[in-house]
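# Inside the fold
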Amino acid sequence: MTTAYRTRGMKASLRRPAPAHITARDTIRRHVHEAGLRLEFLASAWGCRNFSVWRVFQRTDRPLQPHHVEGAITALHLDDFDANQLRLRAAQEAGWKIDPTYLDCPV
């Protein structure tokens, strides 16, 4: 029995666009979980208290603010693909009419 190890290049080649029902908050949660951290980690990046981070994630009727998205990208050290996908998803949730067919990062 052989064991296949996934390298960084293999993980990049396995990437696919996120399904349409995945929100920007879900994407941030996934990246925080993959990094082995908790949501409170974002408090220092966003310049707020731990409770405020939880409040941002519970108020799903409001779109994420740009400083929340950029703070998460910086704190989690996301690569260009993941960062652009998160930015695009957050902008679409905020009501921006962006056509992803003209972009390199499909959603």
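This text follows the structure it describes.
Structural notes, computed from the coordinates. (Residues numbered from 1 in each chain as written. Predicted model: local features only at pLDDT ≥ 70, side-chain atom pairs only at ≥ 80, totals over all residues. Heavy atoms only, no water.)

## Here we look at the overall build of the chain
Counting secondary structure elements, the chain contains six helices and zero strands. Reading the helices (α) and strands (β) of the chain from amino to carboxyl end gives α-α-α-α-α-α. Total accessible area computed for the chain in this model is approximately 7800 Å², and 54% of it derives from carbon and sulfur atoms. (Helix = DSSP H or I, 4+ residues; strand = E, 2+ residues; numbered from the N terminus. Areas by Shrake-Rupley, 256 points an atom, 1.4 Å probe, with all protein chains shown as cover.)

## Points about the side chain of Arg25
Mapped onto the elements of the fold, Arg25 is located in helix H2 (residues 24–34). No salt bridge is formed by the buried Arg25. Its closest oppositely charged neighbour is Glu93, at 4.6 Å. Excluding anything up to four places from it in sequence, Arg25 contacts Val56, Phe57, Arg59, Thr60, Arg62, Pro63 and Leu64. (Buried < 20%, exposed > 50% of the residue type's maximum accessible area, 1.4 Å probe, protein only. Lys, Arg positive; Asp, Glu negative; His and termini not counted. Salt bridge = Lys/Arg side-chain N within 4 Å of Asp/Glu carboxyl O. Contact = heavy atoms within 4.5 Å.)

## Considerations on the nonpolar core
Within the largest apolar cluster, 20 residues are counted, with the highest numbers of intra-cluster contacts made by Ile28, Leu42, Trp46, Val53, Phe57 and Leu86. When near neighbours in sequence (up to four residues on either side) are disregarded, Trp46 contacts Val53, Val56, Phe57, His67, His68, Gly71 and Ala72. (Core = buried A, V, L, I, M, F, W, Y, C linked by side-chain atoms within 4.5 Å.)

## Here we look at helix H5 (residues 66–76)
Residues of H5 that are buried: His68, Val69, Gly71, Ala72, Ile73, Ala75 and Leu76. At its buried positions, H5 is contacted by H2, helix H3 (42–46), helix H4 (50–58) and helix H6 (80–93). One or two steps after H5, the chain reaches His77, where phi turns positive at roughly 55 degrees.

## Quick word on the packing of aromatic side chains
Counting across every chain of the model gives one aromatic pair. With a centroid separation of 6.0 Å and 15 degrees between ring planes, the pair formed by Trp46 and Phe57 is classed as stacked. Note that Trp46 is positioned in helix H3 and Phe57 in helix H4, a separation of eleven residues in sequence. Residue Trp46 shares its accessibility class with Phe57, and that shared class is buried. (Phe/Tyr/Trp six-rings, centres within 6.5 Å; stacked < 30°, edge-to-face > 60°.)

## Quick look at the side chain of His31
Within the secondary structure layout, His31 lies in helix H2. If near-sequence neighbours (up to four positions away) are discounted, His31 is found in contact with Leu76, Leu78 and Asp82.

## What to know about the environment of Leu64
Here Leu64 is to be found in the loop between H4 and H5. The contact partners of Leu64, leaving out residues within four places of it in the chain, are Ala24, Arg25, Ile28, Val56 and Val69.

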